[in-house]
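Reading the structure
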Amino acid sequence: MIQAKFELEESHIHFLEQCKGYGFKDASAVVRNALDKLRQDVETQGLQESAELYAKIYEEESELKALTESAIVDWPP
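Because the structure is a prediction, the values reported are computed rather than measured.

The next subject is the layout of surface pockets. In this structure, the largest pocket occupies an estimated 240 Å³ of space. Lining the largest pocket we find Met-1, Ile-2, Gln-3, Ala-4, Phe-6, Ser-28, Val-31, Arg-32 and Leu-35. Each residue belonging to the lining of the largest pocket can be placed in one class, and the counts come to six nonpolar, two polar and one charged. In this structure, the second largest pocket encloses a volume near 150 Å³. Along the walls of the second largest pocket sit Phe-6, Leu-8, Ser-11, His-12, Phe-15, Leu-16, Val-30, Val-31 and Ala-34, which together make up its complete lining. Looking at the lining of the second largest pocket, the elements with two or more residues in it are α1 (10–17) and α2 (27–60). Here the lining of the second largest pocket takes four residues from α1, the largest share from any one element. For the lining of the second largest pocket, the per-class residue count stands at seven nonpolar, two polar and no charged.

Next comes the structure, spelled out in structure tokens:
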């Protein structure tokens, strides 16, 4: 694995020192897990914002709403 150097607050160090008590193999496993969760949260937030934007556009655009409704009249076949 690639190593990285970064600065942490004292509270972060204290938490990492207790990592085995939380079921992690080592401090690196904690950091990897935290980064994976952060990435997932960021991606989920982006999808949520996109969905909200599409919903707003759909509500404001009568032509788009009519087109969508006409496309689903006979759906599913």
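Between α2 and helix α3 (residues 62–71), the least distance of the axes is 5 Å, while the angle of their chain directions is 95°. By the angle between their directions, the pair α2 and α3 is classed as roughly perpendicular. In this structure, α2 uses Ile-57, Tyr-58, Glu-59 and Glu-60 to contact α3, whose residues at the interface are Ser-62, Leu-64, Lys-65, Thr-68 and Glu-69. Of the residues belonging to the contact of α2 with α3, the class tally is three nonpolar, two polar and four charged.

Right, let's get into the confidence of the model for the protein. Mean pLDDT for the protein: 92, with 100% of residues reaching 70 or above. Within the protein, the lowest mean pLDDT, 84, falls on α3, and the highest, 96, falls on α1.

Let us now look at a nonpolar patch on the surface. Where nonpolar side chains cluster on the molecular surface, the patch consists of Leu-53, Tyr-54, Ile-57, Leu-64 and Leu-67 and spans about 510 Å² of accessible area. By the element assignment, Leu-67 lies in helix α3. Under the relative-accessibility criterion, Leu-67 is labelled exposed at 56%.

Thresholds applied
Residues numbered from 1 in each chain as written. Predicted model: local features only at pLDDT ≥ 70, side-chain atom pairs only at ≥ 80, totals over all residues. Heavy atoms only, no water. 1 Å grid on protein atoms, 1.4 Å probe; cavity = no way out; pocket = protein on both sides within 12 Å on 5 of 7 lines; lining within 4 Å. Points joined across faces, edges and corners; volume = space filled by probe spheres on them. Nonpolar A, V, L, I, M, F, W, Y, C, P; charged D, E, K, R; others polar. Helix = DSSP H or I, 4+ residues; strand = E, 2+ residues; numbered from the N terminus. Axes fitted to C-alpha atoms, helices over the stretch in contact; angles between N-to-C directions. Parallel < 35°, antiparallel > 145°, perpendicular 65-115°, else oblique. Contact = heavy atoms within 4.5 Å. pLDDT = per-residue confidence, 0-100. Patch = residues over 30% accessible without salt bridge, like charges linked within 9 Å, V, L, I, M, F, W, Y side chains within 5 Å. Areas by Shrake-Rupley, 256 points an atom, 1.4 Å probe, with all protein chains shown as cover. Salt bridge = Lys/Arg side-chain N within 4 Å of Asp/Glu carboxyl O. Buried < 20%, exposed > 50% of the residue type's maximum accessible area, 1.4 Å probe, protein only.

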